[in-house]
Amino acid sequence: MTTTTLKDLKSAKRKITEKDRIAFNVIAYILVAVMGLLCMLPFLLVFITSLTTESALMHHGYSFFISEFSTQAYDLAFRNPQKILWAYRNTTCATLIGTTLSVMLSTMTGYVLQRPDFRPRNKFSLFFFFTTLFNGGLVPWYILCTRYLGFKNNFIALVLPLMFSVWNMIIAKNYLKGIPYEITESAKIDGANDLLIFFRLILPLSLPLIATLGLFAALAYWNDWYNSMLFITKDEYKSLQYFLQEMLNSMQALKNLVNSGMDVSQLSRNLPQETLKMAMTMITTGPIILLYPFVQRFFIKGLVIGAVKG
Amino acid sequence: MMTAFLRFTGKTDGYNAGKERSTYTARAAKESGPVSVHPAVVNNRRLSGRNRFYNNRYLYLMILPAVLYTLLFSYVPMGGLVIAFKKYNYVQGIFGSPWVGLKNFKFLFNSHKLWFLTRNTLLYNLAFIVLGIVIQVSFAIMINEIRAKWFKRVFQSFIFLPYFISWVVVAAMVQAIFGYEYGMLNRVLEWLGLERINLYISADPWPVMLVMLHLWKGTGYGSIVYMASIAGISPELYEAASIDGAGFWKRIRHITLPGLRPTMMIMFLLALGAVFRGDFGLFYQMVGNNALLLPKTDILDLYVYRALASTSDMGMASAAGFYQSILCFITIMTVNGIIRKANPDYALF
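All figures in this text were calculated on a predicted structure; none of them were measured in a lab.

A.B. asks: Account for the overall build of chain A, naming residues and giving values.
C.D. replies: The helix and strand tally for chain A stands at 15 helices and zero strands. Across the 310 residues of chain A, 38% fall into the buried class. If you take every contact in chain A between residues at least 6 apart in sequence, the share linking residues at least 24 apart comes to 75%.

A.B. asks: Quick rundown of the overall build of chain B? Include the residues and the values.
C.D. replies: Helices and strands together make up the secondary structure of chain B, namely 18 helices and zero strands. Taken over 349 residues, chain B has a buried fraction of 31%. Here the analysis covers contacts within chain B between residues at least 6 apart in sequence; of these, 65% occur between residues at least 24 apart.

A.B. asks: Go over the interface of chain A and chain B, please, and point to the residues and values.
C.D. replies: Listed as interface residues are 88 residues of chain A and, on the opposing side, 82 residues of chain B. With 23 residues, the single largest contributor to the side of chain A that touches chain B is helix H1 (residues 2–50) of chain A. Residues that form the side of chain A that touches chain B fall into these classes: 55 nonpolar, 20 polar and 13 charged.

A.B. asks: Talk me through helix H10 (residues 167–178) of chain B; I want residue IDs and the actual numbers.
C.D. replies: Under the 1.5 Å per step criterion, the end-to-end length of H10 of chain B is 16 Å for twelve residues, consistent within 8% with the ideal 16 Å. All buried positions along H10 of chain B are accounted for by Trp167, Val168, Val169, Ala171, Ala172, Met173, Gln175 and Ala176 of chain B.

A.B. asks: If you had to explain the packing of helix H12 (residues 206–231) of chain B against helix H14 (residues 248–272) of chain B to someone new, which residues and values would you point to?
C.D. replies: Residue and element names in this part refer to chain B. Viewed as axis vectors pointing N to C, H12 and H14 meet at an angle of 120 degrees, and their least axial separation amounts to 9 Å. The angle between H12 and H14 places the two elements in the oblique class. The two elements H12 and H14 meet at a crossing, and its hand is right-handed. Residue-level contacts link Val225, Tyr226, Ser229 and Ile230 of H12 to Thr256, Gly259, Leu260 and Thr263 of H14. When grouped by side-chain class, the residues that make up the contact of H12 with H14 number four nonpolar, four polar and no charged.

A.B. asks: Outline the nonpolar core, listing residues and values.
C.D. replies: Counting residues in each nonpolar core, the largest one holds 132 residues, and the members touching the most others are Val139 of chain A together with Val304 and Ala320 of chain B. Per-element accounting of this core gives the leading share, nine residues, to helix H18 (residues 314–342) of chain B. Here this core gathers at least three residues from each of two domains, domain 1 (2–82) and domain 2 (103–346) of chain B. Apart from the residues lying within four places of it in its own chain, the contact partners of valine 304 of chain B are Gly137, Leu138 and Val139 of chain A together with Ala317, Ala320 and Gly321 of chain B.

A.B. asks: Can you explain the confidence of the model for chain B? Please cite residues and give values.
C.D. replies: Any region with low pLDDT has predicted coordinates that should not be read closely. Predicted confidence across chain B gives a mean pLDDT of 81, with 86% of residues reaching 70 or more. Confidence over residues 1–33 of chain B falls short of pLDDT 50; this stretch has 22 contacts with residues more than four positions distant or in other chains.

A.B. asks: If you had to explain the confidence of the model for chain A to someone new, which residues and values would you point to?
C.D. replies: In this model, chain A carries a mean pLDDT of 83, and residues with pLDDT of at least 70 account for 86%. Of the regions scoring below 50 in pLDDT, residues 253–264 of chain A engages in nine contacts with residues more than four places distant in sequence or in other chains.

A.B. asks: A description of the environment of phenylalanine 130 of chain A should follow, citing residues and the corresponding values.
C.D. replies: Within the secondary structure, phenylalanine 130 of chain A is located in helix H5 (residues 121–133). Residues phenylalanine 130 of chain A and valine 166 of chain A lie 36 residues apart in sequence; the distance between their C-alpha atoms is 9.7 Å.

A.B. asks: Explain the packing of helix H6 (residues 138–148) of chain A against helix H17 (residues 300–310) of chain B to me, and be specific about the residues and the numbers.
C.D. replies: Where H6 of chain A contacts H17 of chain B, the axes come no closer than 10 Å and their chain directions differ by 35 degrees. Seen from above, H6 of chain A lies across H17 of chain B with right-handed handedness. On H17 of chain B, the residues that touch Leu138, Val139 and Tyr142 of chain A of H6 of chain A are Val304, Tyr305 and Leu308 of chain B. Tallied by class, residues from the contact of H6 of chain A with H17 of chain B come to six nonpolar, no polar and no charged.

A.B. asks: Tell me what's going on with the environment of isoleucine 94 of chain B, and back it up with residues and numbers.
C.D. replies: Examined against the element boundaries, isoleucine 94 of chain B turns out to sit in helix H6 (residues 93–96). Given 18 C-beta atoms within a 10 Å radius, isoleucine 94 of chain B is considered partly exposed. Residues isoleucine 94 of chain B and phenylalanine 116 of chain B, 22 residues apart in the sequence, show an inter-C-alpha distance of 29 Å. Beyond its immediate stretch of four places on either side in the chain, isoleucine 94 of chain B contacts Ile143 of chain A together with Gly80, Val82 and Ile83 of chain B.

A.B. asks: Account for unusual backbone geometry, naming residues and giving values.
C.D. replies: All names here are of chain A. Its identity as a non-glycine residue notwithstanding, asparagine 153 has a phi of 50 degrees, on the positive side. Locating asparagine 153 in the fold gives a position in the loop between H6 and helix H7 (156–159). Accessibility expressed as a C-beta count within 10 Å gives 13 for asparagine 153, which makes it partly exposed.

Criteria and thresholds
Residues numbered from 1 in each chain as written. Chains lettered and ligands numbered in written order. Predicted model: local features only at pLDDT ≥ 70, side-chain atom pairs only at ≥ 80, totals over all residues. Helix = DSSP H or I, 4+ residues; strand = E, 2+ residues; numbered from the N terminus. Buried ≥ 20, exposed ≤ 12 C-beta atoms within 10 Å, placed from the backbone. Contact = placed C-beta atoms within 7 Å. Nonpolar A, V, L, I, M, F, W, Y, C, P; charged D, E, K, R; others polar. Expected span 1.5 Å × (residues − 1). Axes fitted to C-alpha atoms, helices over the stretch in contact; angles between N-to-C directions. Parallel < 35°, antiparallel > 145°, perpendicular 65-115°, else oblique. Left-handed = near helix turned anticlockwise from the far one by under 90°. Core = buried A, V, L, I, M, F, W, Y, C linked by C-beta atoms within 7 Å. Domains from an automatic or database assignment. pLDDT = per-residue confidence, 0-100.

Shown next, in the form of structure tokens:
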């Protein structure tokens, strides 16, 4: 008798649990779907409006429904592509060179700092970590870069500032700590030097780490507009995102002028500024969106690496 | 020999002490016989300083680039903080410019600007941090609960997408949606018979706007970090709890959330270390130099940048930057100290 009631009680409780779970699941599906759409639809909006005519856009406003399909904005953007090509060249070069150097620097440093037989490692760790706690601020850094290192209108201004990040180094250090020290030890006994051990043994064992750090660095370089804004005034050296920023803002200035009711020249009225802006956004972001489906899995794996505590 | 080996490896300098010691004791326990360690490995300890340096020359060579880089780009600018005590002019440079003592700081503190900027920066960042953690953890738990694989994969990658673009592109999207004349939102409002909103002339909506944009961009990244640590919670705990009759909510409250606490603490501490450092990209791209919006959106970073861009007063900009760095440093040291007292496991350092 008593056993059955106990069973009944338990199954009743389980039913309540199941009910909670189902209710939570319904909410979870809805909220995740809503958030997902909120995150994705703006991209779709930019894409769709870049493929319509200016007059249709002015008539209907920004909308998901194309009333007139046209590649007018892209044609216009590429009519005189010199500046776009420069910006693409600069960003691509900076991304390739910068990512390579950045990955090298953080893995190499991280490796040394986790070597148990490298005695000053704590002193060096503190040396690096302290810079994340305290820094001189923007102004002295800016004066150093422009006045003493010649960053003004120089390609190195797009590469050097993002080249080393203490956080990436810490991620590398924690990952490499997971590789048994015995590998290093036995290679040493076989007479290999530390450089050889690092490049021939450790690096091939850390491909997930390299992919992660590489992706982080590549993203930082590709999306960089800040260093261009600080250091570059000539079109030949501008990065892609800064170029986009200029396109958006100079047109914005024009638009504000229209808003305030002042008369503007015929030319600016005929310029399909809205669709052109969206086309430029697509042109500068395109590679990321195209690569995204392939890259994001690595990224998620890499984030897991980075999240394992440091 | 064996004890020497153990002492050498076991004596860690307080840095991940537990982990290393356990591997080496385990190793030592396995090899119960006399341990023979190659001279190339163990002799390091007995060598004099110079020889030890020579032995590790390649290791030093490998960290040299990062050390030089950090010296040049982080430590040299710290020396450059002297500008804050000078009336900087370009011709005379850092060393030639005349000293003015604390005049720059006095001016900053006497103008009410500084207090206003500090408060804005702090409040925005606190909103970002607190709401960020709440939303990221909620989404991590929700995504984790979802069983339909395709749904999970598709929507998780949607939510992660904004992390991959720059604030410049976000600014373009904001114009497309919130623009006064053609923006989608205003067209919808008009269609509904409501009045349009001109975001670019009124400051009031911006605090909400900026917080939403920050959350929008960061949720994907954050929720993945938390999902990784949910995956690390032992499933046995959940089984045991459900045998003991813990309901669904109880399991989340008493297993999932405590399991996430260490990650939450790290994320919180890392963010808190920069609580007086604003998200410059967000603020600059959305607000920029729009003077109409600044009453509600101006932060320390924008102020420093404006001072730098106008090159009117480098000394003042540097003093503001110095003030910001000191605030950050004091915050992180205090908070970390408190947490270390309360529970050393959660402390950053």
